[in-house]
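# Examining the three-dimensional arrangement
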Amino acid sequence: MGNCIATIFNIALGILNTILIVKNSSIQKKQSQFTALTTIYSQIQNSINTLFTETDKGNICIKGIFGLERLRKTINNESSIGYSKINILCSKLREIDANIKLFYKTNFESSIDKGNKFMFYQLIEPVTNQIILFYELVTNDQISIAAEGAEYTEGDEKTEEEYLQERVKKELEQLREFQKIYIIQQ
């Protein structure tokens with residue numbers, strides 16, 4: 001009888017131990033995903049904080065992504081931004097954009113609770129919307145871009161600005177798609 005009780009007790013302890021290991025593993029996984037999201041968000045913020053652009057006359061200087069709409073022709077009809085400056089700006093925004101897409105996907109696929117997922121989504125949404133707004137300004141020819149005389153091959157009828165608009169349009173479509181696919185609603 002004593003062996004039977006000890007065996008049942010050992011089986012119960014084994015089951016309890018297995019449950020605790022599985023629960024601990026789940027907690028560690030969630031913590032790891034939470035850490036990954038905060039790391040990606042920090043990278044996005046660091047990239048935003050180092051972003052700087054200005055018009056050719058220097059009358060408008062923008063640090064970060066909030067305020068890029070000030071480059072709009074209707075607001076800023078006195079000066080333009082050189083093609084090389086806007087091209088560099090768009091390249092840096094593409095890097096931020098890539099991290100935003102990674103953030104959306106990681107958040108969506110994570111096993112953290114829905115409330116935290118929603119909080120993370122709300123954290124990145126204004127950044128995404130600001131980049132989308134800028135991309136729309138570029139693709140809709142709302143920013144005055146000064147041509148810098150790039151060399152074209154014979155038969156090439158597109159301007160620098162048109163090439164830029166095509167690239168930005170693709171980025172715009174992809175970012176919108178990611179925002180739709182990986183949406184987190186409360």
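Residues numbered from 1 in each chain as written. Predicted model: local features only at pLDDT ≥ 70, side-chain atom pairs only at ≥ 80, totals over all residues. Heavy atoms only, no water.

## Examining the side chain of Glu171
Counting through the fold element by element, Glu171 comes out in helix H4 (residues 160-181). Look at Glu171 and you get buried, because its relative accessible area is 15%. Sequence-distant contacts of Glu171, that is, excluding residues within four places in its chain, are made with Arg94, Asp97, Lys101 and Tyr135. (Helix = DSSP H or I, 4+ residues; strand = E, 2+ residues; numbered from the N terminus. Buried < 20%, exposed > 50% of the residue type's maximum accessible area, 1.4 Å probe, protein only. Contact = heavy atoms within 4.5 Å.)

## Here we look at the environment of Thr38
Structurally, Thr38 is set in helix H1 (residues 2-49). Given the relative accessible area of 32%, Thr38 is considered partly exposed. Remark: the alpha-carbon pair of Thr38 and Phe120, spanning 82 residues in sequence, is separated by 8.8 Å.

## Quick notes on unusual backbone geometry
Positive phi, normally seen in glycine, also occurs at Asp141, with a value near 55°. With respect to the helices and strands, the residue Asp141 is situated in the loop between helix H3 (114-139) and strand E4 (145-146). Judged by relative accessible area, which is 35%, Asp141 ranks as partly exposed.

## A short note on the pattern of salt bridges
Tallied over the full model, the rule gives four salt bridges. As a salt-bridge pair, Asp97 and Lys101 come within 3.3 Å of each other at their nearest N and O atoms. Taken as a pair, Asp97 and Lys101 lie in helix H2 (residues 83-109) at a separation of four residues, close to a single helical turn. Pair check on accessibility: Asp97 and Lys101 agree, each one buried. (Salt bridge = Lys/Arg side-chain N within 4 Å of Asp/Glu carboxyl O.)

## Observations concerning the packing of aromatic side chains
Evaluation of the coordinates by the stated rule reveals six aromatic pairs. Centre to centre, the rings of Tyr104 and Tyr121 are 5.5 Å apart; their planes meet at 45°, and the pair counts as tilted. In this pair, Tyr104 sits in helix H2 while Tyr121 sits in helix H3, placing the two residues 17 residues apart along the sequence. One exposure class covers both Tyr104 and Tyr121, and it is buried. Measuring from ring centre to ring centre gives 5.3 Å for Phe108 and Tyr182, while their planes differ by 70°; the resulting arrangement is edge-to-face. With Phe108 in helix H2 and Tyr182 in the segment after H4, this residue pair connects regions lying 74 residues apart in the sequence. For Tyr182, a relative accessible area of 13% corresponds to the buried category. (Phe/Tyr/Trp six-rings, centres within 6.5 Å; stacked < 30°, edge-to-face > 60°.)

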